Amino acid sequence: MDFYYSPGSAPCRSVLMTAAALGIKLNKKLLNTGEKEQLKPEFIKLNPQHTIPTLVDNGFAIWESRAILIYLVEKYGKDDSLYPKDPQQKALVNQRLYFDMGVLYQAFADYYYPQFRFNKPADPEIFKKVEAAFAFLNTFLEGEQYVAGSRLTIADISILSSVSTIVTVGFPLANYPNVANWYERVQKETPGWAENVEGLEKLKERIAGIRKQ
């Protein structure tokens, strides 16, 4: 099973942790987007959108990290613990995945990417979106141990990857105690966390390199 990725990418790291939770060994293929390797014809043939992460399983190519997570757990999960079969429980996990993609990670990207990639000044109005996303997450976790139900799911893994990235670039969790408690606890429970940390170090190195330019 080929996995095209970059270790600094939060979406890529969510797939790595999910694969670890399932006991799947990925044939990891590092893609250097800085060198435009994602635009090579052979990769565009696999993924016309030329994005990472991209998974190729016996000729079947799928991209978008949260779609990959669902595919992996539905095909290779020994039970439904990471992605429940119950319609209501599954709907809750899906909602949190969409929240991660469209609200939490999107707010992070809107605020931090212009600073890291184009050396633009921080925009305090956009930062409010990051704060609002964490306030929502803090509410979701009120009285809860996990983001979607009573056990660890791929929603936790996906959001854990996002939150760890946002914390790494300097966002404080002090005003979000439910998130802070969840973050400290779930990283200890999630298989593959050590590789996630390695990826965060790569991210820090990349950001430091950009800032020197």
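One can find the structure itself at the top, above this paragraph.
Residues numbered from 1 in each chain as written. Predicted model: local features only at pLDDT ≥ 70, side-chain atom pairs only at ≥ 80, totals over all residues. Heavy atoms only, no water.

1. A look at the overall build of the protein
No. 1: The helix and strand tally for the protein stands at eight helices and four strands.
No. 2: Along the protein, from the amino end to the carboxyl end, the secondary structure elements read β-α-β-α-β-β-α-α-α-α-α-α.
No. 3: Against the globule reference of 17 Å for 213 residues, the protein gives a C-alpha radius of gyration of 17 Å, in line with a compact fold.
No. 4: Once the C-alpha set of the protein is aligned to its principal axes, its extents read approximately 50 × 45 × 25 Å.
No. 5: Residues classed as buried in the protein amount to 46% of the 213 residues present.
No. 6: Partitioning the intrachain contacts of the protein with sequence separation of at least 6 by distance along the chain shows that 67% fall at a separation of at least 24.
No. 7: Element-wise, carbon and sulfur atoms account for 52% of the exposed surface of the protein, whose accessible area totals about 11,100 Å². (Helix = DSSP H or I, 4+ residues; strand = E, 2+ residues; numbered from the N terminus. Rg over C-alpha atoms; globule rule 2.2 N^0.38 Å. Buried < 20%, exposed > 50% of the residue type's maximum accessible area, 1.4 Å probe, protein only. Contact = heavy atoms within 4.5 Å. Areas by Shrake-Rupley, 256 points an atom, 1.4 Å probe, with all protein chains shown as cover.)

2. A few points about the packing of helix H3 (residues 65-76) against helix H6 (residues 154-168)
No. 1: Look at H3 against H6: their axes get within 11 Å of each other, and the N-to-C directions meet at 145°. Considering the relative orientation of H3 and H6, their crossing is right-handed. In this structure, H3 uses Arg66, Leu69, Ile70 and Val73 to contact H6, whose residues at the interface are Ile154, Ser158 and Ser162.
No. 2: Looking at the contact of H3 with H6 residue by residue, the classes come out as four nonpolar, two polar and one charged. (Axes fitted to C-alpha atoms, helices over the stretch in contact; angles between N-to-C directions. Left-handed = near helix turned anticlockwise from the far one by under 90°. Nonpolar A, V, L, I, M, F, W, Y, C, P; charged D, E, K, R; others polar.)

3. Re the sheet that holds strand E1 (residues 2-5)
What holds strands together in a sheet is hydrogen bonding between their backbones, with the strands either parallel or antiparallel.
No. 1: Ordered by their spatial adjacency, four strands build an open sheet running E2-E1-E3-E4, and the pairing between neighbours is mixed. Strand pairing shows two members of the sheet lacking a second neighbour, strand E2 (27-30) and strand E4 (60-63), which therefore form its edges. Adjacent strand axes in the sheet meet at a mean angle of 20° when their direction is disregarded.
No. 2: Direction of pairing for E1 relative to strand E3 (residues 54-57): antiparallel, over a ladder of three bridges. (Pairing = 2+ DSSP bridges.)

4. Focus: the packing of helix H4 (residues 87-118) against H6
In helix packing, the relevant descriptors are the interaxial angle and the interaxial distance, both defined with respect to the helix axes.
No. 1: In the contact formed by H4 and H6, the axes pass within 9 Å of each other and the chain directions differ by 10°. When the axis of H4 is compared with that of H6, the two are roughly parallel. Between H4 and H6, the residues in contact are Val93, Arg96, Leu97, Phe99, Asp100, Leu104, Tyr105, Phe108 and Tyr112 and Ile154, Ala155, Ser158, Ile159, Ser162, Val163, Thr165 and Ile166, respectively.
No. 2: Tallied by class, residues from the contact of H4 with H6 come to 12 nonpolar, three polar and two charged. (Parallel < 35°, antiparallel > 145°, perpendicular 65-115°, else oblique.)

Bear in mind that shape data such as this cannot, by itself, settle questions of function.
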